[in-house]
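Observations on the three-dimensional arrangement
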Amino acid sequence: YKYSTKPRFNVTEFVFSLFSGDEEEERPYDPDRLVNMAGDVSDSNSIWKLDLTPESANVNYQVSKESINLGNFPENLEMKSVLPSGLEVYKYLTFFPGSYKIGLEVKVINRTGSQQTINPRLNFGVGGEAIKGETLPQPRVGITFIEEDFEKYDGGDVENVVSFNNTLWAGLMDKYFITVAKTTDESKFNGKLQPYKSDFDGKELDIPQLHYVDDPIRLEDNQEYSRTFQLYIGPKVESRLEDYDYYLPQAMDLGWFEVLARPLLGLLRWLQGYVVNWGIAIIILTIIVRTAMFPLAFKGMTSMRKMQALSPKINALREKHKGDKERLNKEIMAFYSQNKVNPMGGCLPLLLQIPIFIALYQALLPAIELRHTPFFLFWTDLSANDFTLILPILMGVTMFAQQSLTPTPTMDPTQAKIMKWMPIMMVLFFLNMPSGLVLYWVVSNVISVGQQLVINKAMPPAQVEEPKGKGKGKAASEPSKKAKPKKGKK
């Protein structure tokens, strides 16, 4: 996975710089540079370190090979160091072709001729550096999995050390990548997350640093200490995470509506397998979702249409009983009941659709498949914001069209003003959102506009009963007519 794509002129960043006066830093770009997922790029992590004394000391390792070329079989790397006390420390790394899994064995052998006490601790690092210019970047967070409970710890949680015991696995992750470790012998993974000062997106903050911690052990002469681990250092691709551990896909962190987000993400991947283009897959997914929700949308639209027809009569009742709020509420509810209208009928179907919209948002946001993935013409990265602003503007235009076509009952003037400004507010909100998400909203709005046009054209005007005491059976949209006598014998 490449560190970044080639920088482009970004209209949003340019406009913000005009108002703020701050010049946008040039994004680093190296076409051969890969994402670093296995340690902080700093002097403190440039050398393998062992804690020998409270002051600590650096220890260099001898390696069995200078380079590894993976073919069809796993390859091993042996690292050896002899401490000043005479203890020998070995690390054996096993790399597997076509896999992000790494085998790790740590061994300490006492050949000093006397008893030695060791305090085993293994530092798995603090994860990768922040990727400048990435849409909605997230600092690394610590994760643990204990007795089927997935826990996540951000910088605020690790201002002090967080210790954990008997974890199935533990690790560090951000939006797209993850570093996780688990033991493969009979021992459990006991460790801690401690704060590490890091510069993230220009701000200094604490991010978790993962340590494996074992109890102190006394080694007799020629006795050895050994622990084996399996690591996963790579992208959050669900199938690969599941191959590492059945429960690891929980690290996708799909939020409150995971029960909806997971199948939607699976459907998106399945569609992409046929159409190849992820942008087209998003469009097809949107059509499928909106088609499935059409019965709810239809019910909401028809209810709103009926409510709009009732609005003149409701306003008349409000004017008549404006000094008696209790009487007004009774009259309005009786009027709704007389016309068989549920005042919540227009809102409830829309509310039921909200979890699906949020689930889609949560499914698309961490989907690494969209990262640096082109769609069409100048949309070369569906995970990045649209530097042309075409998609956000289209979203605002389609929202305004949908708002204009949708029948709305009489509302408070302040509320009406807010609704008029809503498309502009949404455009501003989505300026820095991934273009794949904005594409979904644009297509969804276009479908809503089409559905509303069909309903407005196909449905007859709503018939409204007069409030009781003022005549019944009159349509609000038609003048009253005298009844004609029936033809026949007198």
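Residues numbered from 1 in each chain as written. Predicted model: local features only at pLDDT ≥ 70, side-chain atom pairs only at ≥ 80, totals over all residues. Heavy atoms only, no water.

Let's shift gears to the overall build of the protein. Counting its secondary structure elements, the protein contains ten helices and 17 strands. In the protein, which comprises 490 residues, the share counted as buried stands at 43%. Residue pairs in contact within the protein that sit at least 24 positions apart in sequence constitute 66% of those at least 6 positions apart. Summed over all atoms, the accessible surface of the protein reaches about 28200 Å², with 56% contributed by carbon and sulfur. (Helix = DSSP H or I, 4+ residues; strand = E, 2+ residues; numbered from the N terminus. Buried < 20%, exposed > 50% of the residue type's maximum accessible area, 1.4 Å probe, protein only. Contact = heavy atoms within 4.5 Å. Areas by Shrake-Rupley, 256 points an atom, 1.4 Å probe, with all protein chains shown as cover.)

So, about the sheet that holds strand β4 (residues 75-82). Ordered in space as β3-β4-β5-β6-β17-β13-β12-β9-β10, the nine strands form an open sheet in which the pairing is antiparallel. In this open sheet, the two strands that pair with only one neighbour each are β3 (62-63) and β10 (149-153). Inspection of the sheet shows strand β12 (residues 169-173) paired to strand β13 (residues 177-183) by four bridges, in the antiparallel sense. Across the sheet, the residue bridging to G171 is V180, located in β13. (Pairing = 2+ DSSP bridges.)

Let us look at helix α8 (residues 390-405). The terminal C-alpha atoms of α8, which comprises 16 residues, lie 23 Å apart, in line with the 22 Å expected from a rise of 1.5 Å per residue. The set of residues buried in α8 consists of L391, P392, M395, G396, T398 and M399. (Expected span 1.5 Å × (residues − 1).)

Here we take up unusual backbone geometry. Even without glycine at this site, N222 takes up a positive phi of about 70 degrees. Relative to the elements of secondary structure, N222 occurs in the loop between β16 (217-219) and β17 (224-235).

Attention now moves to helix α4 (residues 278-292). Between its first and last C-alpha, α4 extends 21 Å over 15 residues, near the 21 Å set by a 1.5 Å rise per residue. Taken together, the buried positions of α4 are occupied by W278, G279, A281, I282, L285, T286, V289 and R290. One face of α4 carries all of its buried residues, which in axial projection span an arc of 160 degrees. At the N-terminal boundary of α4, the capping side chain belongs to N277, with an oxygen 2.7 Å from the backbone nitrogen of G279. (Arc of directions from axis to C-beta. Polar contact = N/O pair within 3.5 Å; in protein donor to acceptor, adjacent residues only side chain to side chain.)

Bringing the confidence of the model for the protein into the picture now. On average, residues of the protein score 76 in pLDDT, and 70% of them are at 70 or above. This stretch, residues 41-49, has a pLDDT under 50; its non-local contacts, to residues over four places away or in other chains, come to 19 contacts. Contacts of residues 470-483 to residues separated by more than four positions or lying in other chains number 16 contacts, the stretch itself having pLDDT below 50. (pLDDT = per-residue confidence, 0-100.)

Counting residues in each nonpolar core, the largest one holds 49 residues, and the members touching the most others are I178, L248 and L268. When residues in this core are grouped by element, the largest group, eight residues, is from helix α10 (residues 435-458). (Core = buried A, V, L, I, M, F, W, Y, C linked by side-chain atoms within 4.5 Å.)

The next point concerns the pattern of salt bridges. Two side chains carrying opposite charge are able to pair once their charged atoms lie near each other. This structure, assessed with the given rule, holds eleven salt bridges. Here D245 makes a salt bridge to K182, at a shortest N to O gap of 3.5 Å. With D245 in the loop between α2 (238-244) and α3 (258-275) and K182 in strand β13, this residue pair connects regions lying 63 residues apart in the sequence. Across the pair, exposure class does not vary: D245 and K182 are buried alike. (Salt bridge = Lys/Arg side-chain N within 4 Å of Asp/Glu carboxyl O.)

Moving on to the side chain of K101. For K101, the position within the fold is in strand β6 (residues 101-109). K101 gets classed as buried once you look at its relative accessible area, which sits at 19%. Here D243 takes part through its side chain, which lies 3.3 Å from a polar atom of the side chain of K101. Excluding residues that lie within four positions of it along the chain, K101 makes contacts with T94, F96, Q230, L231, Y232, D243 and Y244.

A large share of β17 lies buried, amounting to nine of its twelve residues. Here seven bridges tie β13 to β17, and the two strands are oriented antiparallel to one another. Bridge pairing in β17 links K182 to Q230.

Another aspect to go through is the packing of aromatic side chains. If you walk through the whole model with that rule in mind, you get 18 aromatic pairs. Through a chain of ring-to-ring contacts, the aromatic side chains of F124, F164, F189, Y212 and F229 assemble into a single cluster. Sitting over the face of the ring of Y244, K182 holds its NZ or CZ atom 4.6 Å from the ring centroid. (Phe/Tyr/Trp six-rings, centres within 6.5 Å; stacked < 30°, edge-to-face > 60°. Lys NZ or Arg CZ within 6 Å of the ring centre and 35° of its normal.)

On to the environment of V443. Relative to the helices and strands, V443 resides in helix α10. Given the relative accessible area of 14%, V443 is considered buried. A sequence separation of 158 residues divides V443 from L285, and the C-alpha atoms of the two residues are 10.0 Å apart.

Here β3 pairs with β4 via two bridges, running antiparallel. Within β4, the residue paired with Q62 across the bridge is K80. When β4 meets strand β5 (residues 88-95), the two strands line up antiparallel, connected through eight bridges. The residue of β5 that forms the bridge with N76 is T94.

This part is about a nonpolar patch on the surface. Taken together, the side chains of F376, L377, F378, I390 and L394 present a nonpolar region at the surface, about 450 Å² in accessible area. One can find L394 in helix α8. (Patch = residues over 30% accessible without salt bridge, like charges linked within 9 Å, V, L, I, M, F, W, Y side chains within 5 Å.)

Running from N to C, α3 and α4 point in directions that differ by 125 degrees, and their axes come no closer than 8 Å. Accordingly, the angle class assigned to the pair α3 and α4 is oblique. The two elements α3 and α4 cross, and the hand of that crossing is right-handed. On the side of α3, the interface is formed by L264, L267, L268, R269, L271, Q272 and V275, while α4 contributes W278, I280, A281, I282, I284, L285, I288 and V289. Within the contact of α3 with α4, the residues separate by chemical class into 13 nonpolar, one polar and one charged. (Axes fitted to C-alpha atoms, helices over the stretch in contact; angles between N-to-C directions. Parallel < 35°, antiparallel > 145°, perpendicular 65-115°, else oblique. Left-handed = near helix turned anticlockwise from the far one by under 90°. Nonpolar A, V, L, I, M, F, W, Y, C, P; charged D, E, K, R; others polar.)

Moving on, we come to the environment of S448. Tracing the backbone shows S448 in helix α10. Looking at S448, the relative accessible area reads 3%, which means it is buried. Taking the C-alpha atoms as reference points, S448 and A401, 47 residues apart in sequence, are found 9.6 Å from one another.

Relative to the helices and strands, P249 resides in the loop between α2 and α3. Look at P249 and you get buried, because its relative accessible area is 6%. Measuring from C-alpha to C-alpha, the distance between P249 and V237 comes to 8.3 Å, with twelve residues separating the pair along the chain. The residues touching P249, leaving out its near neighbours within four places in the chain, are E238, L241, E242 and R262.

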